[in-house]
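Chains, contacts and geometry: an overview
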Amino acid sequence: MISIGRWSAFAGVVILSLVAVAGACIAIYMAWLFHDMPNAAELVDYHPPTATRVYAWDGTLIGEYSTERRIYVPYDQIPSRLSLAFLAAEDHNFFSHGGVDVSGVSRAMLKDVFNILQGRRPEGGSTITQQVAKNVLLTNEATIGRKLKEAILATRLEQALTKRQILELYLNEIWLGHDSYGVGAAAYNYFGKSISDLTLAECAFLAALPKGPDNYNPTRHKAAAIARRNAILQLMVADGWAKPAEAQAAMREDIVIQPPQRAKYHDADYFVEEVRQQAIAKLGPKVNAGGYYVRTTLDPRLQTAARIALMDGLETYDRRHGWRGAWGRIAIEPGWQQAALQHSPPSERRKWQVAVVEEASGGAVRVKLAADGSEGDLVREDVAWAKAGKGLTVGDLVFVEPAETGGLRLRQVPQVNGAMVAIDPNDGRVLAMVGGYSFSLSNFNRATQAWRQPGSSFKPFVYATALQNGFTPASVVLDAPITLPGYNGQAWSPENYERKFLGPLIFRRGLELSLNTMTVRIAQQVGMAKIRDNAIKFGVVKDMAPVLAMALGAGETTPFKITAAYSAFVNGGRRINPHVIELVEDRDGKSIYRADQRDCRGCDRDFTGDFGPTFAAAGQQVVDPITAYQIATMLEGVVQRGTAFQARVLGRPVGGKTGTTNDFRSAWFIGFTPQIVVGTFVGFDDNRSLGHGETGAVAAVPIFIEFMQEALKGLPVMDLKSPPGTVFAQVGPNREAFQPGTEPHYAPAPASIAAPLPPIGGAPAPQNPAETQPKAVRPSKPEDTSGLY
């Protein structure tokens, strides 16, 4: 029989063994639990993801890039009543505990017994410090292990950071719903305010949200939101952080919120996306969460004007080519409105509405609006337009817009597309950029990504190269049929648009009238290798084959590139750097990128008022200033006497060049004044024909005119300035600019103009200078010009 003492000894050994095993298991568990414990000291330099905000040059907020919508607010800029509201709601002992509130944990454990019995999630009783540890360093899993880590990290956080730093992190990190991380974004998104403008009631409402933003969303759960807000106001009174009277007044307030706020300027979607792509290329993907301040070159007034002009122009083109029919059909029965509203008009056309054709008979069409069920008649002009196309029948779904004179206008989304770019020629700032008809329909940026043949808008670079290689404004070139060896041994015979030939003409007329045969003869004599090199130097193309067809714009470029290249004709021959980003600063206000890298001469001196700092001209000199001026004045002739004569309506010196490609696939106009260069492009994305007669003068120039009528408001009328050393001489009716020593030295009488160079391209030079004037030859253009001049 075993004695009691031996049983006791045996039991003691077993118990000690179990304790040892349990201790070892706990040690192993703790070692496993804490082997990847984050370092609380890392939060000293922690910066939560913050939205990068993009501004126009005048300070207008035009865009945001973010993974988490957050506006970081330093502690000393957070109103005390907002901080106190959160402390009352979440941790009123925050400034007295060491990271873990023992009394709070005890209360939470008691509640959690009932929560678990009822199948609810445990509350946890976490302090604000513990919540920071969980939100920043840990996961959101509801386990004992995570709670242990949270408590230990909270204690370490209290040692690494001050109470103010912890509270600042919490108020900027916390998810508050409504697309808002932190109190700064929440104040803006819920109430459209800065946090400094929040009322006591609004502060208490925001403090109610950490418990569950969806549970207290006033749109869906207003009663619960008000009850929770009022409970927090009572807690603030109990803690002495709010006066009873003001708390009672706050409790009587309603909770009125707004939709989540984004940048309110919506005309620059293509521009803002281009900024984002360039920012990522310069700074990396951290742009989307780095909290950068980005100042761009955008002029909001010009951007809006560019968007409107391009959309109007594309719709005008579309209307010329007829009504294509309704975009949908539906039975007019209960619930049709909801189905119809699934298809919305372009977001940029804010007045367009979805409607269904209710009656269509004779010359009248009545429609019902899907949004509110109201009815209206289409204006007769649009009814006739629709009947000339595919017509309208009952049940057709269409877009309509209120007419200024009453009734409704029938609207159609164009299939054609286009782009517009406006650049300051002196420093390369992109003032406006529209990459298509509607960003909401297609975010493909045709301004920067559409590689298309520029057609005759390339010709100024041919003529500039010629002026650098022996030609002068007084040169005479033959406009006549020409046949050259072509691809695969086939003959190539370029023709003028109107298939007419004007004989020997003065140099500038080839550019003004966009004469192909004359341009090919010039390119043949100059050499396509030189023209190619110049096109690359100007930035029109990266490379192109040195074949004569390229002189007529058979290569490919983008509206952005060719518009920037034209700047050199306006600014004295400098290739500028076209840019959309002016300045980038990090979250601390440190400049990390600046587009203008020029040295400021005199900026290190004390300012006395006797002189100011000076800068070198922006850009690289790519062509002689006089040559640039010669081309610019000839391009002014394109508007005064040539293919862009409609732009004379602007009533000031304007230059530019039209462009139309084979089969009318693309229409261009690149125009300018001394203050701005504007490129306009129209074409289908699949490169099909725009239709016979849809030239640059017809499709693109009107868009340019509409834009410039707004863009030039308030700008002084300016003439191009001739560079130092320019020599002027009369050539027929024109006062032409010459390089010194190249000007003609004969009497400037029309009947005695001699060609300094013989006609190019196979025609012998006439013996009598007067014979250079063809007889009875008139170009079929609106202006009264003929022959040599």
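Throughout, residues of each chain are indexed from 1 in the direction in which the sequence is written. For this predicted model, a pLDDT threshold of at least 70 governs which residues receive local features, and a threshold of 80 or more governs which side-chain atom pairs are given and counted, while totals over whole chains, interfaces and linings are taken from all residues. Working from all heavy atoms in the structure, the side-chain values ignore hydrogens and water.

1. Section: the packing of helix α20 (residues 559–570) against helix α21 (residues 625–641)
Keep this limit in mind: With axes taken as lines fitted to C-alpha atoms, and helix axes fitted only over the stretch in contact, angles between N-to-C directions fall between 0 and 180 degrees. In DSSP terms, a helix is any run of H or I states spanning at least four residues, a strand is any run of E spanning at least two, and both are numbered starting from the N terminus. Convention used here: angles under 35 degrees read as roughly parallel, angles over 145 as roughly antiparallel, angles from 65 to 115 as roughly perpendicular, and any remaining angle as oblique. Here, two residues are considered to be in contact whenever any of their heavy atoms come within 4.5 Å of each other. Classification convention: Asp, Glu, Lys, Arg as charged; Ala, Val, Leu, Ile, Met, Phe, Trp, Tyr, Cys, Pro as nonpolar; all other residues, Gly among them, as polar.
Here α20 crosses α21 at 105°, and the two axes come no closer than 7 Å. By the angle between their directions, the pair α20 and α21 is classed as roughly perpendicular. When α20 is examined against α21, the residues Tyr566, Ala568 and Phe569 are found in contact with a partner set consisting of Ala628, Tyr629, Ile631, Ala632 and Leu635. A class-by-class count of the residues in the contact of α20 with α21 yields eight nonpolar, no polar and no charged.

2. Overview of the layout of surface pockets
To keep it simple, the criterion reads: Any residue with an atom within 4 Å of a point lines the site, the site being either a cavity, points on a 1 Å grid over the protein atoms alone where a 1.4 Å probe fits but cannot get out, or a pocket, an open set with protein on both sides within 12 Å along at least 5 of 7 lines. Grid points are joined across faces, edges and corners, and a volume is the space filled by probe spheres set on the points.
Of the volumes computed, that of the second largest pocket is approximately 1200 Å³. For the lining of the second largest pocket, the secondary structure elements donating two or more residues are β22 (655–660) and α22 (696–711). In terms of residue count, the dominant contributor to the lining of the second largest pocket is β22 (four residues). Classifying every residue of the lining of the second largest pocket by side-chain character gives 15 nonpolar, 21 polar and seven charged.

3. What to know about the confidence of the model for the protein
Worth spelling out the cut-off: The quantity known as pLDDT measures the predictor's confidence residue by residue, on a range of 0 to 100.
Residue-level pLDDT values for the protein average 87, and 83% of them are 70 or greater. Across residues 29–33 the pLDDT falls below 50, and counting only partners more than four positions away or on other chains, this stretch makes four contacts in the model. Across residues 747–789, confidence stays below pLDDT 50; counting only partners more than four residues off in sequence or on other chains, it has 85 contacts.

4. As for empty space enclosed by the protein
Following the criterion strictly, the structure yields two cavities of 30 Å³ or more and no others. Of the voids in this model, the largest cavity is the one considered here, and its volume is about 60 Å³. Every residue lining the largest cavity is counted, 13 residues in all, and those nearest its centre are Asp267, Tyr270, Arg307, Glu348 and Phe439. If you list the elements that add at least two residues to the lining of the largest cavity, you get α11 (269–283) and α12 (300–320).

5. So, the side chain of Thr673
Put simply, the rule is: In the analysis that follows, any N or O atom pair within 3.5 Å is treated as a polar contact, provided that within protein one partner can donate a hydrogen and the other can accept it, and provided that, for residues neighboring in sequence, both atoms belong to side chains.
Here Thr673 is to be found in strand β23 (residues 666–673). Of note is the side chain of Thr673, whose polar atom sits 2.9 Å from the side chain of Gln675. Setting aside its immediate chain neighbours within four residues, Thr673 contacts Val570, Arg652, Pro653, Val654, Met708 and Leu712.

6. Looking at the sheet that holds strand β11 (residues 430–434)
Using the following cut-off: For two strands to be treated as a pair, DSSP must find no fewer than two bridges joining them.
The strand order across the open sheet formed by five strands is β11-β10-β24-β23-β22, and the pairing between neighbours is antiparallel. The sheet is open, and its two borders are formed by β11 and β22, each paired with just one other strand. In this sheet, neighbouring strand axes are inclined to one another by 5° on average, regardless of whether the strands run parallel or antiparallel. Bridge count between β23 and strand β24 (residues 676–683): eight bridges; the pairing is antiparallel. Across the sheet, residue Thr673 finds its bridge partner in β24, namely Ile676. Set on the sheet, α12 makes contact with β10 (417–423), β11 and β24; between it and β11 the angle comes to about 30°.

7. Examining helix α16 (residues 459–467)
The condition that has to hold: The buried label applies to any residue whose accessible area, calculated with a 1.4 Å probe on protein chains only, is under 20% of its type's maximum; exposed applies above 50%, and partly exposed to all values in between.
Most of α16 is tucked away: nine of the nine residues are buried. The set of residues buried in α16 consists of Lys459, Pro460, Phe461, Val462, Tyr463, Ala464, Thr465, Ala466 and Leu467. Packing partners of the buried residues in α16 comprise α17 (507–512), α18 (516–526), α19 (528–538), α20, α21 and β22.

8. Some details on the packing of aromatic side chains
Two aromatic rings, taken as a pair, are described by how far apart their centres are and by the angle between their planes. Just so we agree on the cut-off: In this analysis, rings of Phe, Tyr and Trp, with Trp reduced to its six-membered ring, are considered paired at centre separations within 6.5 Å, and the interplanar angle assigns stacked below 30 degrees, edge-to-face beyond 60, and tilted for intermediate values. Remark: a charge is flagged as sitting over a ring if the NZ atom of Lys or the CZ atom of Arg is within 6 Å of the ring centre and within 35 degrees of the ring normal.
Summed over all chains, the structure comprises 24 aromatic pairs. Geometrically, the ring pair formed by Trp352 and Phe399 is tilted, given 6.0 Å between the ring centres and 35° between the ring planes. With a gap of 47 residues between them, Trp352 in the loop between α13 (336–340) and β5 (353–361) and Phe399 in strand β8 (residues 396–402) connect regions that are remote in the sequence. Residue Trp352 is classed as buried on the basis of its relative accessible area, which comes to 5%. A relative accessible area of 3% means that Phe399 is categorised as buried. Above the face of the Trp385 ring, Arg319 is positioned so that its terminal group lies 4.2 Å from the ring centre.

9. A look at the side chain of Arg229
Selection rule: Just so you know, the count uses Lys and Arg for positive and Asp and Glu for negative, and it drops His and the chain ends. Salt bridges are defined by distance alone: a side-chain nitrogen of Lys or Arg within 4 Å of a carboxyl oxygen of Asp or Glu.
Looking at the secondary structure, you find Arg229 in helix α9 (residues 222–238). Nearest to the buried, unbridged Arg229 among oppositely charged side chains is Glu253, at 5.4 Å. Separated by 2.9 Å, the side chain of Arg229 and the backbone oxygen of Glu253 make a polar contact.

10. Digging into the pattern of salt bridges
For the structure shown, the criterion picks out 39 salt bridges. Linking Lys368 and Glu358 is a salt bridge whose minimum nitrogen-to-oxygen distance equals 3.4 Å. With a gap of 10 residues between them, Lys368 in strand β6 (residues 364–369) and Glu358 in strand β5 connect regions that are remote in the sequence.

11. Quick look at α18
Of all 11 residues in α18, nine are buried, a share of seventy percent or more. All of the buried residues in α18 are Asn516, Thr517, Met518, Thr519, Val520, Arg521, Ile522, Ala523 and Val526. Downstream of α18 by one or two residues, Gly527 has phi in the positive range, about 105°.

12. Comments concerning the environment of Arg735
Mapped onto the secondary structure, Arg735 falls in strand β26 (residues 734–738). In sequence terms Arg735 and Pro473 are 262 residues apart; their C-alpha atoms lie 9.8 Å from each other. When sequence neighbours within four positions are dropped, the list of residues in contact with Arg735 reads Phe728, Ala729 and Gln730.

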